[in-house]
Amino acid sequence: MARFDNRKRSEGWLPPSLMHRVLTVETWVKRLCRHAPIAQTVMELVKFDTQKMQNPEIDGIEYQQGQLAGYEVRQYLLEKWGRKCVYCDKEGVPLQIEHIHPKSKGGSNRVSNLAFSCKRCNLKKGTQLVDEFLKKDAKRLEKIKQQAKKPLKDAAAVNATRWTLFHTLKRILPTTTGTGAQTKYNRTLFQLEKQHWIDAACIGDIKAIKLLTLQPLLIKANGWGTRQMAGTNKYGFPIRHRTRQSLHFGFQTGDIVKAVVLSGKKVGQYVGRVLCRARGSFDIVTKTGTVGDINHRFCKPIHKKDGYSYAF
């Protein structure tokens with residue numbers, strides 16, 4: 001038998017970086033089910049049209065080279081540019097789609113050349129090149145150029161994982177699906193603000209909705225640490241070595257702790273993620289910054305390390 005016959009990927013195989021997204025959602029659905037009476041899950045089964053987002057004028061036979069879906073360019077641009085004017089940061093006003101490189105000077109309709117601006121900025125810029133229009137604001141110019149080149153990797157990741165995620169959720173709980181248009185309709189009907197966590201509550205066929213909080217918990221997968229056994233200098237040569245012991249005075253890096261310091265230069269209360277050292281002097285990463293050299297005696301554990309970080 002030829003070797004390549006043994007190298008076939010199983011049906012539904014996903015790269016580890018994408019499978020990690022699916023497994024993270026699965027982990028948190030199972031955790032929530034242990035602590036709340038959840039009867040079913042509802043998933044927004046969207047399909048992003050990356051070709052249409054790159055070239056809004058694509059039509060007919062051109063679609064034979066890709067997948068046809070229905071995601072409006074305007075909605076994508078609203079997400080990409082934060083629902084505000086890219087030139088003055090004005091929010092809550094009618095926004096117009098604007099060509100960063102003017103169409104009269106060879107600019108295309110590709111999504112990488114489109115942005116949002118208010119009417120005033122759009123008229124003021126006119127057919128000027130963006131470098132000329134923002135020559136006195138180099139920082140904003142650089143920010144716009146970087147954001148314009150932002151790849152569509154998030155849209156591609158959603159396309160690749162949506163069915164795997166659906167079947168994974170279906171094995172845990174009864175799962176129904178909704179469309180992006182349905183979510184927007186529900187959010188508009190109940191006059192709710194545009195936020196990702198609010199969108200999650202508006203998916204599917206719902207009769208009423210009551211938000212019990214205005215402060216969602218932000219959870220980020222950090223992993224359990226690093227396998228690197230030696231720190232290196234800028235040339236790649238080892239300069240320090242890690243010990244095998246990860247637990248110091250009952251704490252390990254990644255624990256969430258509360259430190260109450262009653263004396264010294266750092267009097268106060270600090271809550272955050274702890275960075276442990278063998279000598280017993282820890283750093284605590286709080287929402288306002290890092291507080292260094294806090295003795296372990298002042299620390300009280302709140303949440304043990306579990307591979308995730310939490311914030312509001």
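In the block above lies the structure referred to throughout.
Keep in mind that what you see is a predicted model, and the values were worked out from it rather than measured.

1. Concerning the overall build of the protein chain
Stage number 1. Helices and strands together make up the secondary structure of the protein chain, namely 9 helices and 13 strands.
Stage number 2. Its C-alpha atoms give the protein chain a radius of gyration of 25 Å, clearly above 20 Å, the size a compact globule of 312 residues would have.
Stage number 3. Here the C-alpha coordinates of the protein chain stretch approximately 65 × 60 × 55 Å along the principal axes.
Stage number 4. The burial tally for the protein chain puts 32% of its 312 residues in the buried class.
Stage number 5. Here the protein chain has roughly 21400 Å² of accessible surface; of this, 54% comes from carbon and sulfur atoms.
Stage number 6. Positive and negative charge centroids in the protein chain, built from 56 and 25 side chains respectively, lie 8 Å apart.

2. A word on the pattern of salt bridges
Stage number 1. This structure, assessed with the given rule, holds 12 salt bridges.
Stage number 2. Salt-bridge contacts for R279 lead to D293; the nearest nitrogen and oxygen are separated by 3.5 Å. Separated by 14 residues along the polypeptide, R279 in the loop between β9 (268-275) and β10 (281-286) and D293 in strand β11 (residues 289-295) bring together distant segments of the chain.
Stage number 3. With relative accessibility at 58%, the residue R279 sits in the exposed group.
Stage number 4. Ionic contacts of the salt-bridge type, sharing partners, join the residues R277, R279, D283 and D293 into one network.

3. Describing the sheet that holds β10
Stage number 1. Pairing within the open sheet is antiparallel, and its 5 strands lie in the order β11-β10-β9-β8-β12. Each edge of the sheet is formed by a strand with only one pairing partner; in this case those strands are β11 and β12 (299-303). Taking each pair of neighbouring strands and ignoring which way they run, the sheet shows an average axis angle of 40 degrees.
Stage number 2. Here β9 pairs with β10 via 3 bridges, running antiparallel. Paired with R273 across the bridge in β10 is V285.

4. A word on the packing of aromatic side chains
Stage number 1. Counted according to the given criterion, the structure contains 5 aromatic pairs.
Stage number 2. On the basis of an interplanar angle of 90 degrees and a centroid distance of 5.7 Å, the ring pair of W163 and F166 is categorised as edge-to-face. Of this pair, W163 and F166 both sit in helix α7 (residues 153-172), separated by 3 residues, roughly a single helical turn.
Stage number 3. On the basis of relative accessibility, which here comes to 41%, the residue W163 falls in the partly exposed class.

5. Structural notes on the environment of F249
Stage number 1. Mapped onto the fold, F249 is located in the loop between β7 (238-241) and β8 (256-261).
Stage number 2. Among all residues touching F249, those that are not within four sequence positions of it are A278, R279, G280, F282 and H296.

Basis of the calculations
Residues numbered from 1 in each chain as written. Predicted model: local features only at pLDDT ≥ 70, side-chain atom pairs only at ≥ 80, totals over all residues. Heavy atoms only, no water. Helix = DSSP H or I, 4+ residues; strand = E, 2+ residues; numbered from the N terminus. Rg over C-alpha atoms; globule rule 2.2 N^0.38 Å. Buried < 20%, exposed > 50% of the residue type's maximum accessible area, 1.4 Å probe, protein only. Areas by Shrake-Rupley, 256 points an atom, 1.4 Å probe, with all protein chains shown as cover. Lys, Arg positive; Asp, Glu negative; His and termini not counted. Charge placed at Lys NZ, Arg CZ, Asp CG, Glu CD. Salt bridge = Lys/Arg side-chain N within 4 Å of Asp/Glu carboxyl O. Pairing = 2+ DSSP bridges. Axes fitted to C-alpha atoms, helices over the stretch in contact; angles between N-to-C directions. Phe/Tyr/Trp six-rings, centres within 6.5 Å; stacked < 30°, edge-to-face > 60°. Contact = heavy atoms within 4.5 Å.

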